[in-house]
Amino acid sequence: VQLQASGGGLVQTGGSLRLSCAASGRTFSRYVMGWFRQAPGKEREFVAAINWSGGSTYYADSVKGRFTISRDNAANTVYLQMNSLKPEDTAVYYCAANPGGITTWPWDYDYWGQGTLVTVPA
């Protein structure tokens, strides 16, 4: 599976962005898809994940109620709708694919996109 993330940019505090992650390959629907982020000088952290059908999702506490993960298996794409953005959301956002169940651990994800930068100025 090859992943291509897009949609990042500069947005003011309180604004919204929608990230997209397009996947190649016919087996996209078999994978749990996750979003992670990495801020400068910090470790990569879990943001959200969604199971193969889209019927189960899981969020980090820091984004719960503000971010929504979704997927369109027909389009081989997973999305991250980010609302009420804060300066602490500034990071490079990565999408990733996991052949197992929903997990927050980066090492469980076998495939990674190249990252897209989200900047929310203080």
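Everything below is about the structure shown above.
The shown structure was predicted, so the numbers you read here are calculated from the model rather than taken from an experiment.

As a further point, take unusual backbone geometry. With a phi angle near 55°, Asn-76 is a residue other than glycine that sits in the positive phi range. In this fold, Asn-76 is placed in the loop between strand 7 (67-72) and strand 8 (77-82). By relative accessible area, which is 18% here, Asn-76 ends up buried. Unusually for a residue other than glycine, Ser-84 sits at a positive phi of about 50°. Turning to its location among the elements, Ser-84 is positioned in the loop between strand 8 and strand 9 (91-98).

This part takes up the state of the cysteines. A full pass over the atoms with the stated rule returns 1 disulfide. For Cys-21, the disulfide goes to Cys-95, at an S-S distance of 2.1 Å. Every disulfide takes its handedness from the sign of the S-S torsion; for Cys-21 and Cys-95 that torsion is 65°, giving right-handed. In this pair, Cys-21 sits in strand 3 (residues 17-23) while Cys-95 sits in strand 9, placing the two residues 74 residues apart along the sequence. The class for Cys-21 is buried, based on a relative accessible area of 0%. The class for Cys-95 is buried, based on a relative accessible area of 0%.

Here is what the cut-offs are and how they apply
- Residues numbered from 1 in each chain as written.
- Predicted model: local features only at pLDDT ≥ 70, side-chain atom pairs only at ≥ 80, totals over all residues.
- Heavy atoms only, no water.
- Helix = DSSP H or I, 4+ residues; strand = E, 2+ residues; numbered from the N terminus.
- Buried < 20%, exposed > 50% of the residue type's maximum accessible area, 1.4 Å probe, protein only.
- Disulfide = S-S within 2.5 Å.

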